[in-house]
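Inside the fold
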Amino acid sequence: MRGKFITFEGGEGCGKSTQILKLEEKLRSAGIDVIKTREPGGTRLSELIRGLLKDEETDPPCDRAELLLFLAARAQLAKNVIVPALSEGKWVISDRFSDSTFAYQGYGRGLDLDAIKTANDFACAGLRPDLTLLLEVSSETAEKRMRAREAKSSTSADRIEKAGNEFHARLRRGFLELAAKEPERIKRIDAEGDIEEVWERIWNYLKPLV
Ligand code: T5A
């Protein structure tokens, strides 16, 4: 039987990665064979592309080049990792997938949504998440969490994180429009509150599916 493909989405600092770790552990302890991946990334080529997308030293990609780099990374991950795992009956949890492209490159950068859809469908060759959890926090909470993470890991904001408040407001609105268009697949999760509170909301939602 095909496994389930679950994606986590949201703006910067919404807490996806933290909750994905908890879900991975919970599913394993329930005896489910699960793999976790991230976008961009998850294969050698896709991780190299991730490096290019985050690199601040070389010339930054123009908006269309940025879109195509994300899609190239996704095509490789979908074909070589996600599709084979699902067909072996494994569950796949991905930290971001196609919805991020619509939100960031479409609503955020202003690239044409229909063109993105055509190119993304080509890259994914029909692969779509079964379920997407959209983690929602206020911009103040996101900012606080990002600052806390930077202090903890001594990293600084990358090129996309530094794209400005208006860009981030547009992409957050974009995620909400995507959720309104596909309410069956995209579930909005209130991600305010501490890690355990958010986890409880996520697990309450997923428990019946497991
Ligand atoms: N992108 C991606 C596109 O533009 N187009 C695309 O198609 C795709 C796929 C990826 C970047 O690429 C863009 C989006 C991104 O800008 P990334 O480094 O993978 O870059 O960054 P993000 O996906 O944004 O993920 P992050 O790891 O940066 O953030 P998360 O996953 O939202 O947050 P997390 O879990 O790391 O938490 C951040 C901090 O908050 C704390 C954590 O401990 C951590 O320090 N935290 C909480 N603190 C208090 N209460 C809670 N409930 C907390 N939850 C977490």
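Scroll up for the structure.
Basis of the calculations
- Residues numbered from 1 in each chain as written.
- Predicted model: local features only at pLDDT ≥ 70, side-chain atom pairs only at ≥ 80, totals over all residues.
- Heavy atoms only, no water.
- Buried < 20%, exposed > 50% of the residue type's maximum accessible area, 1.4 Å probe, protein only.
- Helix = DSSP H or I, 4+ residues; strand = E, 2+ residues; numbered from the N terminus.
- Pairing = 2+ DSSP bridges.
- Near = heavy atom within 4 Å.
- Polar contact = N/O pair within 3.5 Å; in protein donor to acceptor, adjacent residues only side chain to side chain.
- Areas by Shrake-Rupley, 256 points an atom, 1.4 Å probe, with all protein chains shown as cover.
- Nonpolar A, V, L, I, M, F, W, Y, C, P; charged D, E, K, R; others polar.
- Contact = heavy atoms within 4.5 Å.
- Expected span 1.5 Å × (residues − 1).
- Arc of directions from axis to C-beta.

1. Some thoughts on the pairing of strand β4 (residues 131-136)
For β4, a buried count of 5 out of 6 residues is recorded, marking the element as mostly surrounded by other parts of the structure. Note: strand β1 (residues 5-9) against β4, 4 bridges, orientation parallel. When the bridges of β4 are listed, I6 appears paired with L131. Summarising the sheet, β4 and strand β5 (residues 186-190) pair through 5 bridges and their orientation is parallel. Bridged to L135 within β5 is I189.

2. Things to note about the site of the ligand
By nearness alone, 26 residues border the ligand, and S17, T18, R96, T101 and R149 come closest of all. One of the side-chain nitrogen or oxygen atoms of R74 is found 3.2 Å away from an oxygen atom of the ligand. Within the contact set of the ligand, an oxygen atom lies 3.1 Å away from a side-chain nitrogen or oxygen of K152. In isolation the ligand has 1000 Å² of accessible area, and contact with the protein removes 88% of it. When contributions to the shell around the ligand are tallied by element, the ones reaching two or more residues are α1 (16-29), α2 (44-54), α3 (63-87), α4 (98-108), α6 (139-153) and α8 (195-206). Here the shell around the ligand gets 4 residues from one element, more than from any other, and that element is α4. For the shell around the ligand, the residue count by class is 6 nonpolar, 8 polar and 12 charged.

3. A few points about the environment of D63
Relative to the helices and strands, D63 is located in helix α3. Residue class for D63 comes out partly exposed when judged on its relative accessible area of 33%. Once the C-alpha coordinates of D63 and I189 are considered, the two residues, 126 residues apart in sequence, prove to be 29 Å apart. Filtering out sequence-adjacent residues up to four positions away, D63 remains in contact with R109 and L111.

4. Focus on helix α7 (residues 165-181)
The terminal C-alpha atoms of α7 lie 25 Å apart, and with 17 residues this matches the ideal 24 Å at 1.5 Å per residue to within 8%. Of all the residues in α7, the buried ones are F167, H168, L171, G174, F175, L178 and A179. Down the axis of α7, the smallest arc covering the buried residues is 135°, so these residues share one side. Those residues of α7 that are exposed and angled more than 90 degrees off the buried face are N165, E166 and A180. On its buried face, α7 sits against β1, α4, β4 and β5.

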